[in-house]
Amino acid sequence: MTSPALRVLVVEDEVLIALELECLLDELGHDVVGVAGSSAEAIALGLSTAPDVAFVDIHLVDGPTGVEVARALSADPHTTVVFMTANAKRIPDDFAGAMGVIAKPYSERVVAGALRYVADLRAGRAATIEGLDGFRLAIRDGVEPRYLSEG
């Protein structure tokens, strides 16, 4: 991995998906700071662990509360929120402060590319869109969101 390790919070109530993502993040060289299945747990972990990135599902064990989790976590300018969901239609127009969304089912390549993109932005480097097919960016500065694709 060419980018430095990121501290990642996984907000996902499906145990198998959370474990799979946790293993993938570990293989990619990132540090998982916690896994949360409910909104209260996610917000508490976000406050106590100060993650660099939070992958947030829309539907959690306590209902469709991922949007409120994204709003709370993205209030900290240190944390970049990325939705990871099959329910992208439930994301509000302002993306609740999130950078974008990765559609489920996701691929390892999309997760790796999104993390590289975030790491590059955080480091002040030019972020490239290579390998980001399946990662939809939020509306920023009046620019409509789009799905990025390779080259």
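Residues numbered from 1 in each chain as written. Predicted model: local features only at pLDDT ≥ 70, side-chain atom pairs only at ≥ 80, totals over all residues. Heavy atoms only, no water.

A. Here's a closer look at the nonpolar core. The biggest cluster of nonpolar side chains holds 25 residues, and the ones touching the most others in it are Leu21, Leu25, Phe55, Ile102, Val111, Leu115 and Phe135. When residues of this core are traced back to their parent elements, those giving at least two are strand S1 (7–11), helix H1 (15–27), strand S3 (53–56), strand S4 (80–85), helix H4 (108–122) and strand S6 (135–137). Examining the composition of this core, we find that 7 residues originate from one element, H4, more than from any other. Those residues in contact with Leu25, other than ones at most four positions away along the chain, are Val8, Val10, His30, Val32, Phe55, Val111 and Leu115. Val11, Val67, Leu73 and Phe83 belong to the second largest nonpolar core, which has 22 residues in total. (Core = buried A, V, L, I, M, F, W, Y, C linked by side-chain atoms within 4.5 Å. Buried < 20%, exposed > 50% of the residue type's maximum accessible area, 1.4 Å probe, protein only. Helix = DSSP H or I, 4+ residues; strand = E, 2+ residues; numbered from the N terminus. Contact = heavy atoms within 4.5 Å.)

B. Local environment of a nonpolar patch on the surface. Taken together, the side chains of Val15, Leu16 and Leu19 present a nonpolar region at the surface, about 330 Å² in accessible area. Position of Leu16 among the secondary structure elements: in helix H1. (Patch = residues over 30% accessible without salt bridge, like charges linked within 9 Å, V, L, I, M, F, W, Y side chains within 5 Å. Areas by Shrake-Rupley, 256 points an atom, 1.4 Å probe, with all protein chains shown as cover. Salt bridge = Lys/Arg side-chain N within 4 Å of Asp/Glu carboxyl O.)

C. Seen up close, the pattern of salt bridges. Tallying each qualifying case throughout the model produces 5 salt bridges. Note that Asp57 and Lys104 form a salt bridge whose closest N and O atoms lie 3.2 Å from each other. Of this pair, Asp57 sits in the loop between S3 and helix H3 (66–74) while Lys104 is found in the loop between strand S5 (100–103) and H4, placing the two residues 47 residues apart along the sequence. Taking relative accessible area as the criterion, Lys104 reaches 18% and is therefore assigned buried. Across the pair Asp94 and Arg71 runs a salt bridge, and its minimum N-O distance is 3.0 Å. Of this pair, Asp94 sits in the loop between S4 and S5 while Arg71 is found in helix H3, placing the two residues 23 residues apart along the sequence.

D. Spotlight on the packing of aromatic side chains. Per the counting criterion, the structure on display carries 1 aromatic pair. Centre to centre, the rings of Tyr117 and Phe135 are 6.2 Å apart; their planes meet at 70°, and the pair counts as edge-to-face. With Tyr117 in helix H4 and Phe135 in strand S6, this pair connects stretches of sequence that are 18 residues apart. When sorted by exposure, Tyr117 lands in the same class as Phe135, which is buried. (Phe/Tyr/Trp six-rings, centres within 6.5 Å; stacked < 30°, edge-to-face > 60°.)

E. Just the pairing of S3, in detail. By the alternation rule, side chains of S3 split into Val53 and Phe55 and Ala54 and Val56, which are all buried. Here S1 pairs with S3 via 4 bridges, running parallel. Bridge pairing in S3 places Val8 opposite Val53. For S3 and S4, the ladder comprises 4 bridges, and the chain directions are parallel. Paired with Ala54 across the bridge in S4 is Val81. (Pairing = 2+ DSSP bridges.)

F. Quick peek at the side chain of Ser39. Position of Ser39 among the secondary structure elements: in helix H2 (residues 39–49). Among all residues touching Ser39, those that are not within four sequence positions of it are Leu60, Asp62, Thr65, Glu68 and Val69.

G. Main features of the sheet that holds S5. Across the sheet, 6 strands lie side by side as S2-S1-S3-S4-S5-S6; this open sheet has mixed pairing. Two strands bound the open sheet, and with one partner strand each, they are strand S2 (31–36) and S6. On average, each strand axis in the sheet is inclined to that of its neighbour by 20°, with strand direction left out of account. (Axes fitted to C-alpha atoms, helices over the stretch in contact; angles between N-to-C directions.)

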